[in-house]
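# Remarks on the overall topology
Here are the chains, one letter per residue:
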Amino acid sequence: MLDTSLKSPAPEDNPTYRALRNFWHPVCYANELGTTKPLGVTLLGEKVVVARLGEKVVAMYDRCPHKGAALSLGQVLDCKLECPYHGWQFDDEGKCVRIPAREEVTATLNRHATTYHAAEASGMIWVCLAETPKYDIPKFPELNDPSYRVLQGEVYVWKTSTPRRLENFVDFAHFAFVHDGTIGSRENPRVDAVKVWREDNVLRFDRSGVKEPGDPKKKKMMGIDDQWIEPTNVYHVTMPHTVHLKRLFPKDNRYVLFMASSPVDATTTRNFWFQARDFGTEPEHDAFFMDFEAKVLDEDKDIIESQTPIQMDLTGELARLEMPVRHADIVTVEYRRWLNELTAEFTDV
């Protein structure tokens, strides 16, 4: 009999988790990072400091090589990151360029802080811990499109792994039960197969022909009088766990959700997200749309955090303990297949 206690493996024993070092992950919103103070974050269990040094965004291991103080407690001076303990300064390549206590030994000591890849894109600051990122940073084309009203969502943290969070977003079968009355209905629980394909670093699939309830206020904004709405949902899942969902409603109304999950550690996920709409674009409607998304997230949270094991070790017992349903779980099957291939590429499984 299989062990149903389902304790997550130690992070170092989970090849899927280890492989995530090879990808870009968001660590904060771009507007959270100022020009005078660095920001400390945790990514894949590692303490990281991000900072703007002039026009460049940098990421370093959050530890000064002098006496181990957190660089994130320091400041940015003259495009250098200054340690709060003894004032050592580091340039955008992590090289120590000033030791105030003894200026003359700076070049002789030749000390460096550990650096990582960092970039600003799609409204966020992204970091990759590996030497070479596997894929490009996910794209959010609506961010600067003037035809959309774009809102930045509040970061939320769930006690789950990033693959679990990603799968929840694209799990069609749960809509009818977890989101009955919001984006699903128990009257329409059937899930038909969709075509799933890979395009560069993106897992793509569309879903249409599914009736869902619509909030009266939202339907009024779109000029829709029907009891049920049948949108076409276009999904782009940028591996390993970013989703761009464009919802195409009747009468050319478009609504976009862009969500990127960040692995704080093996069992904690920070989630960054935006919404964009080209109807009801007046600012007085913002609270309505944000409250709606908050309700959907609240419906999901406890259930996703209840899943065991928290981590997804696709090389272990999980493959035998979970039973995908033909057609209904096709997206999960294809996502896990690709994630497994990427795991094998970067580990010895």
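Only a predicted model underlies this, so the values are computations on that prediction, with no experimental measurement involved.

## Side note on the overall build of the protein
Regarding its fold elements, the protein presents eight helices and 20 strands. Taken against the 2.2 N^0.38 rule, which gives 20 Å for 349 residues, the C-alpha radius of gyration of the protein at 22 Å falls within 12% of a compact globule. Evaluated residue by residue, the protein yields a buried proportion of 51% over its 349 residues. Look at the contacts in the protein between residues 6 or more apart in sequence, and 60% of them connect residues 24 or more apart. Where the 43 positive side-chain charges of the protein centre and where its 54 negative ones centre are 1 Å apart.

## Overview of the sheet that holds strand 7 (residues 89-90)
One open sheet holds the four strands; their spatial order is 5-6-7-8, and the pairing between them is antiparallel. Two strands in the sheet have a free side with no partner beyond their single neighbour: strand 5 (75-77) and strand 8 (96-98). The pairing of strand 7 with strand 8 spans two bridges and is antiparallel. Of the residues in strand 8, the one forming a bridge with Q89 is R98.

## Describing the sheet that holds strand 2 (residues 39-43)
Across the sheet, which stays open at both edges, the six strands sit in the order 1-10-9-4-3-2 with antiparallel pairing between neighbours. A single partner strand is all that each edge strand has here, and the edge strands are strand 1 (25-29) and strand 2. Strand-to-strand twist in this sheet, taken as the mean axis angle between neighbours without regard to direction, amounts to 30 degrees. Sheet analysis places strand 3 (residues 46-53) next to strand 4 (residues 56-61), joined by six bridges and oriented antiparallel.

## A short note on the nonpolar core
Nonpolar side chains tend toward joint burial in soluble globular proteins. M124, F169, V170, F172, F205 and Y235 are the most contacted members of the largest nonpolar core, which totals 57 residues. Residues in contact with F172, not counting those within four places in the same chain, are V191, V194, F205, R207, Y235 and V331. Core analysis: the second largest hydrophobic core is formed by 18 residues, A30, V41, V50 and A59 among them.

## What about the pattern of salt bridges?
Across all of its chains, the model carries 19 salt bridges by this definition. With its nearest N and O atoms 2.9 Å apart, the salt bridge here joins E345 to K134. In this pair, E345 sits in helix 8 (residues 330-346) while K134 sits in the loop between strand 10 (124-128) and strand 11 (149-152), placing the two residues 211 residues apart along the sequence. Take E345: its relative accessible area is 44%, and that puts it in the partly exposed class. In this structure, K246 and E142 form a salt bridge, with 3.4 Å as the shortest nitrogen-oxygen distance.

## Thoughts on the environment of H112
Residue placement: H112 occurs in the loop between helix 2 (106-109) and strand 9 (115-121). For H112, a relative accessible area of 40% translates into the label partly exposed. Separated by 47 residues in sequence, H112 and P65 have C-alpha atoms that sit 7.1 Å apart. Not counting chain neighbours up to four residues away, the residues in contact with H112 comprise P65, E93, G94 and K95.

## Let's talk about the side chain of N233
Positionally, N233 belongs in strand 17 (residues 232-238). The exposure class of N233 is buried, given its relative accessible area of 7%. Polar side-chain contacts of N233 include one of 2.7 Å to the side chain of R247. Those residues in contact with N233, other than ones at most four positions away along the chain, are F205, D206, R207, L245, K246 and R247.

## Side note on empty space enclosed by the protein
Counted under the stated rule, the structure contains three cavities of 30 Å³ or more. For the largest cavity, the calculated volume is near 520 Å³. What lines the largest cavity is a set of 39 residues, among which F169, F175, I183, L245 and V296 lie closest to the centre. Mapped by element, the contributors of at least two residues to the lining of the largest cavity are helix 3 (162-169), helix 4 (175-178), strand 17, strand 18 (242-249), strand 19 (253-265), strand 20 (268-277) and helix 6 (286-305).

## Comments concerning the pairing of strand 4
Counting the residues that bridge the hairpin from strand 3 to strand 4 gives two residues, and of these G54 lies at a positive phi of roughly 70 degrees. Both strand 4 and strand 9 contribute to a ladder of two bridges, which runs antiparallel. The partner of M60 across the bridge, within strand 9, is T115.

## With respect to the layout of surface pockets
Its boundaries defined by the atoms lining it, the second largest pocket holds a volume of some 310 Å³. Forming the walls of the second largest pocket are 16 residues, and the residues nearest its centre are P138, K139, V202, H236 and T238. Residue assignment for the lining of the second largest pocket shows that the elements contributing at least two residues are strand 17 and strand 18. Its residues assigned to classes, the lining of the second largest pocket shows six nonpolar, five polar and five charged.

Reading guide: rules and limits
Residues numbered from 1 in each chain as written. Predicted model: local features only at pLDDT ≥ 70, side-chain atom pairs only at ≥ 80, totals over all residues. Heavy atoms only, no water. Helix = DSSP H or I, 4+ residues; strand = E, 2+ residues; numbered from the N terminus. Rg over C-alpha atoms; globule rule 2.2 N^0.38 Å. Buried < 20%, exposed > 50% of the residue type's maximum accessible area, 1.4 Å probe, protein only. Contact = heavy atoms within 4.5 Å. Lys, Arg positive; Asp, Glu negative; His and termini not counted. Charge placed at Lys NZ, Arg CZ, Asp CG, Glu CD. Pairing = 2+ DSSP bridges. Axes fitted to C-alpha atoms, helices over the stretch in contact; angles between N-to-C directions. Core = buried A, V, L, I, M, F, W, Y, C linked by side-chain atoms within 4.5 Å. Salt bridge = Lys/Arg side-chain N within 4 Å of Asp/Glu carboxyl O. Polar contact = N/O pair within 3.5 Å; in protein donor to acceptor, adjacent residues only side chain to side chain. 1 Å grid on protein atoms, 1.4 Å probe; cavity = no way out; pocket = protein on both sides within 12 Å on 5 of 7 lines; lining within 4 Å. Points joined across faces, edges and corners; volume = space filled by probe spheres on them. Nonpolar A, V, L, I, M, F, W, Y, C, P; charged D, E, K, R; others polar.

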